[in-house]
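# Per-entry structural report
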Amino acid sequence: MKIASLDDGMPDGQMVIVTDGLETCVPAPSPNLRSYFDGVDTGGDQHVDPGNLARICAPLPRATQFLDGSAYVNHVDLVRRARGAEMPESFWTDPLMYQGCATFLGPQDDITGDPAWGIDFEAEVAVITTDVPQGVAATQAAGFIAFIMLLNDISLRNLIPDELAKGFGFVQSKPPSACSPFAVTTDDCPGWDGRKVNGILRVDLNGQPFGRADAGVDMTFDFGDLIAHAAKTRPLPAGTVIGSGTVSNRDASGGPGKPVAQGGAGYSCIAEQRMVEMIETGAPITPFLQNGDTVKIWMEDDAGRSIFGAIHQTVRTTA
């Protein structure tokens, strides 16, 4: 089953359940996540054109909360090295997580901001939970996942160091993230193994392949681990979105990874490519996002069909 939300002029949109062919949808029985368990009101089919997503917003335009992890420690290592910070050994055993903005952009909404802020994309997998009890074990936590989707966790790289130096976490450097048009139930998600998604997360920058990392590889902490971490001291209400963090693969030799053009899996954010460039040349070469740049993020099944639809955004800078 796939869900989406259509823009009806209201803050939360109209949640709909979409047919497998992405051709029609029916209104969900209620505007909250529990409608998934209540069956489908089959009255009033609407047309959904997957090639024209102007009416589709994020599956949950206003989630209960958004918690973003860093499940791929290779990514954490690279971006910390890029800003001259050592990575503690504990990061391999205890996941990082921050509480982000719980309002989400639609899959075709523009990325806005001042280019001096260092605008970057971060391609991720995310899950939407049902009610999660406090203290749930990692072995049980994935059972509370209702839907899976993709996420572009937009980051303002040049604001991050000063903000983190205050010792109190992200605020200004993490604007609203964008979601894939469709969220998919676990039993209908190709590659889902019960705790993570195995499959190539595809990223194109300005129409050229930039990232082809496998979301099931090098994931140090799976979604069971992330949910258990988030719920250690609090219950999680239905509609909580938990992100995987930037999907990141090492290369076969254990190095930080190579660009797609060199036969590697590439990168799911610009910051990683810049770090690899620093290692190889002594200085970053690839700029962060500029006005007019386009970013596309999607995942396909074995038959080449898009699973979640595509996030396809254009940068519109404000300076």
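Use the structure listed above.
Heads up: these notes are all about the structure in this document. (Residues numbered from 1 in each chain as written. Predicted model: local features only at pLDDT ≥ 70, side-chain atom pairs only at ≥ 80, totals over all residues. Heavy atoms only, no water.)

A few words on the overall build of the chain. The number of helices and strands found in the chain is five helices and 19 strands. In the chain, the proportion of contacts linking residues at least 24 apart, taken out of those at least 6 apart, comes to 69%. Per element, the accessible surface of the chain, about 13,500 Å² overall, is 49% carbon and sulfur. (Helix = DSSP H or I, 4+ residues; strand = E, 2+ residues; numbered from the N terminus. Contact = heavy atoms within 4.5 Å. Areas by Shrake-Rupley, 256 points an atom, 1.4 Å probe, with all protein chains shown as cover.)

On to empty space enclosed by the protein. Any space left empty among the atoms is revealed by the rolling of a water-sized probe across them. Here the structure, examined in full by the defined rule, presents one cavity of 30 Å³ or more. Put simply, the largest cavity is a space of about 30 Å³. Forming the boundary of the largest cavity are Ser70, Val73, Val76, Phe91, Asp94, Pro95, Leu96 and Phe221. Tallied by class, residues from the lining of the largest cavity come to six nonpolar, one polar and one charged. (1 Å grid on protein atoms, 1.4 Å probe; cavity = no way out; pocket = protein on both sides within 12 Å on 5 of 7 lines; lining within 4 Å. Points joined across faces, edges and corners; volume = space filled by probe spheres on them. Nonpolar A, V, L, I, M, F, W, Y, C, P; charged D, E, K, R; others polar.)

A word on the sheet that holds strand β18 (residues 294-299). Within the open sheet, the five strands sit side by side as β8-β19-β18-β15-β16. Their pairing is mixed. In the strand order of this sheet, the two ends are held by β8 (111-113) and β16 (208-214), each with one partner. Neighbour to neighbour, the strand axes of the sheet diverge by 20 degrees on average, direction disregarded. Here β18 pairs with strand β19 (residues 311-317) via four bridges, running antiparallel. Within β19, the position partnered with Val295 by the bridge is Gln313. (Pairing = 2+ DSSP bridges. Axes fitted to C-alpha atoms, helices over the stretch in contact; angles between N-to-C directions.)

So, on to helix α5 (residues 270-281). If you check α5, its first and last C-alpha atoms are 16 Å apart, about what 12 residues at 1.5 Å a residue would give, namely 16 Å. Here α5 has its buried residues at Ile270, Ala271, Glu272, Gln273, Met275, Val276 and Glu277. Immediately beyond the C-terminal end of α5, within one or two residues, lies Gly282, with a positive phi of roughly 90 degrees. (Expected span 1.5 Å × (residues − 1). Buried < 20%, exposed > 50% of the residue type's maximum accessible area, 1.4 Å probe, protein only.)

A few words on the pairing of strand β6 (residues 65-69). Burial analysis of β6 places five of its five residues in the buried class, which makes it a mostly covered element. Inspection of the sheet shows β6 paired to strand β17 (residues 240-243) by four bridges, in the parallel sense. Note on β17: the bridge partner recorded for Leu67 is Ile242. Both β6 and strand β7 (residues 97-100) contribute to a ladder of four bridges, which runs antiparallel. Opposite Phe66, over in β7, you have Gly100 as the bridge partner.

What follows covers the nonpolar core. Ile148, Leu289 and Met299 are the most contacted members of the largest nonpolar core, which has 58 residues in total. The element contributing the most residues to this core is helix α4 (residues 223-230), with five residues. Ignoring sequence-local partners within four residues, the contact set of Ile148 consists of Val125, Ala126, Val127, Phe182, Ala183, Val184, Thr186, Cys189, Trp192, Val197 and Phe308. Residues Ile3, Ala146, Phe147 and Met149 belong to the second largest nonpolar core, which totals 20 residues. (Core = buried A, V, L, I, M, F, W, Y, C linked by side-chain atoms within 4.5 Å.)

Honestly, that's just the spatial picture; any functional story needs more than this.
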